[in-house]
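The lines below spell out each chain.
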Amino acid sequence: MILDRTWNKKEQKLVISYIDSVGNRQMYQKYFHHIKTYEYDENGEFDTWNGKKARKIYKDTSVYEPNEFDLLEFMYELPKDLNDTLHAQNFPKLYFFDIETKFDPTSFPDPELAAHQVTSISLVGPDMSCIVYGLRKMSDESVAELRERYLDWIENNEFAKSRKTKEPKVLYQYFENEKDMLQHFLTIICPKIPCLAGWNSYRFDFLYIINRCINLFGRGEAYNMFRKASPTGEIKSIKVVDQDGTVHRFPAPSHSVWLDYMEIVKQYDYVLRPYESYSLDWVGEHAVKANKIKYDGTLNDLYEKDIEWYYFYNAIDSLIGLLIHYKLKSLESPCAVSSITLVPLLAAFGQVALTTANVFNEFYLDNKRVVYDYDAVERFKVNYEGAFCACVPGRYDFNVCDDFASLYPSQVQTCNLSFENFMTPPMMGPDSLGRYIPRNWSPNELEEFRNDPNYFVSIMGNVYRNDKEYAFKRMQRRIKQNRDVYKYTGQRIDSELLTEIDRLIKEKENEKIKND
């Protein structure tokens, strides 16, 4: 699967990070002086998705930045062994972290202000090994006590114990001051980690660390640290929007992906729905029978009075997050679609990038080229809200609301709806000023289309060619076929497993009867 993909215009270099068969990050890079792309040409040798002709050209990458279609086609045409590796459903090793801070007892620490000291950071690896970074000196006996508590917790949690293949390491690293601890975490640890996740980390942990570093180091030096968190020295922006419309943005390293597992669970998990809460404590209890560590007073009190228990509390928060990942496997869905589409992992959480890649793949398989016409692209976004057409209370009796599963994909396949077969009526004009005006199809024209099986007319009067299967219908059918393979394979495995369990139970019962 593709972990990340970046284009460095200054160096004219494409970098692709991907996950290998054991979950580690690998890097592929390619320098381009010129890159293949397409432009419209009525005498060109290539057909395009919209019926025009195009020619192949090579553009100077010192002035031209490759678009999404250029890069996808380049990846499609990589050597087979590398292409197969990029498409392989290899999932990354996931590391889980959690931070603790001092705070004003009268209010929750605000990550936008990050006014209080970060007191500790815990990091748990794929094998449940843990390291805690802190600002208090710990004796060897205290570290041994932390280790014993951590390992005992694993032994007393059935799911954690079942995941253990070897005894996890438990380490503590002391820092003289907060700045050294944050600098070490960002510039030494983060670049080595392919995927780093936290719980509610987009709205707190990551955001707090970013703003705390800006407060401590100044914006310029802080951003240099953020770049060093990336193995390529590059950063991107992560945007998070709250339900009330509040927007959070913060820089994140390229090729070392930062994730918020709470958001992943919200989007992809159906095992525990409906959720009463998305708190770590609630999800941990219902997913893996694990609760946060309890303590008396406030965390500030715990930090001052019982530092060993404070660090233990911090470590278990990270461990619970990792166990939730192993139990729910919510990250596997975006990883799988990243593998199929060659879309970078973070982009795979959104529908636009996935749809674009899927549609482009259909055109590519149909030997159709896509021209990114910069002059024709209108660079603005419009938000389209979904709607629920509710009944008016008191107007009707016996109201029924129907919700159709997979309504749009079903419509696309049934009616052969796509982009390239949509027909627009000829414009009216020119008028006295030479202008052409859009118009709708006339009733007579629509009736002619309805009577011709080579066309489809929607209720709203939109007309589509129906002389063959078009790209969007083919894409939806292919996706459904792939989904059915996984769905029914899973059901078959479940059936075979349950049959075998039933056989073993009956075998034991028969043995018991014989012994009696």
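Refer to the structure above for everything that follows.
Residues numbered from 1 in each chain as written. Predicted model: local features only at pLDDT ≥ 70, side-chain atom pairs only at ≥ 80, totals over all residues. Heavy atoms only, no water.

1. Brief notes about the overall build of the protein chain
Helix and strand content of the protein chain: 16 helices and 17 strands. Counting only C-alpha atoms and orienting by the principal axes, one finds that the protein chain spans roughly 90 × 75 × 60 Å. Here the protein chain holds 516 residues, and the buried ones make up 45% of them. Within the protein chain, counting contacts between residues at least 6 apart in sequence, those at least 24 apart form 65% of the total. As displayed, the protein chain offers around 29,500 Å² of accessible surface, 51% of which is attributable to carbon and sulfur atoms. Looking at the protein chain, you have 65 positive and 77 negative side-chain charges, and the mean spots of the two groups are 3 Å apart. (Helix = DSSP H or I, 4+ residues; strand = E, 2+ residues; numbered from the N terminus. Buried < 20%, exposed > 50% of the residue type's maximum accessible area, 1.4 Å probe, protein only. Contact = heavy atoms within 4.5 Å. Areas by Shrake-Rupley, 256 points an atom, 1.4 Å probe, with all protein chains shown as cover. Lys, Arg positive; Asp, Glu negative; His and termini not counted. Charge placed at Lys NZ, Arg CZ, Asp CG, Glu CD.)

2. Remarks on unusual backbone geometry
Cis geometry marks the peptide bond from R273 to P274; its omega dihedral reads 0 degrees. Among the structural elements, P274 can be located in the loop between α8 (261-268) and α9 (280-288). With phi around 55 degrees, Q12 is a residue other than glycine that occupies positive phi space. Within the secondary structure, Q12 is located in the loop between β1 (2-8) and β2 (13-19). With a phi close to 60 degrees, N367 is a non-glycine residue in the positive phi region. Structurally, N367 is set in the loop between α13 (351-365) and α14 (407-415).

3. Some points on the packing of aromatic side chains
According to the stated counting rule, one finds 33 aromatic pairs in the structure shown. Ring geometry for Y275 versus W282: centroids 5.4 Å apart, planes at 50 degrees, classification tilted. Like W282, Y275 is buried. Each residue in the set F97, F185, Y202, F206, F250 and W258 is aromatic and connected to the rest through ring pairs, giving one cluster. Stacked on the ring of F32, the Lys or Arg K30 has its end atom at 6.0 Å from the ring centre. Above the ring of F217, the side-chain terminus of K179 is found at 5.0 Å from the ring centroid. (Phe/Tyr/Trp six-rings, centres within 6.5 Å; stacked < 30°, edge-to-face > 60°. Lys NZ or Arg CZ within 6 Å of the ring centre and 35° of its normal.)

4. Comments concerning the sheet that holds strand β3 (residues 25-31)
Taken in spatial order, the 3 strands of this open sheet run β1-β2-β3, and their pairing is antiparallel. If you trace the sheet from one side to the other, it starts and ends with β1 and β3, each paired once. With strand direction ignored, the average angle separating the axes of adjacent strands in the sheet is 15 degrees. For β2 and β3, the ladder comprises 7 bridges, and the chain directions are antiparallel. Bridge pairing links Y18 to Q26 in β3. Each of β1, β2 and β3 is contacted by helix α1 (residues 68-76), which is oriented at about 120 degrees to β1, the strand it contacts most. Packed on one face of the sheet, helix α2 (residues 80-87) meets β1, β2 and β3 and runs near 60 degrees to β2. (Pairing = 2+ DSSP bridges. Axes fitted to C-alpha atoms, helices over the stretch in contact; angles between N-to-C directions.)

All quantities given are derived from atomic positions and should not be read as evidence of function.
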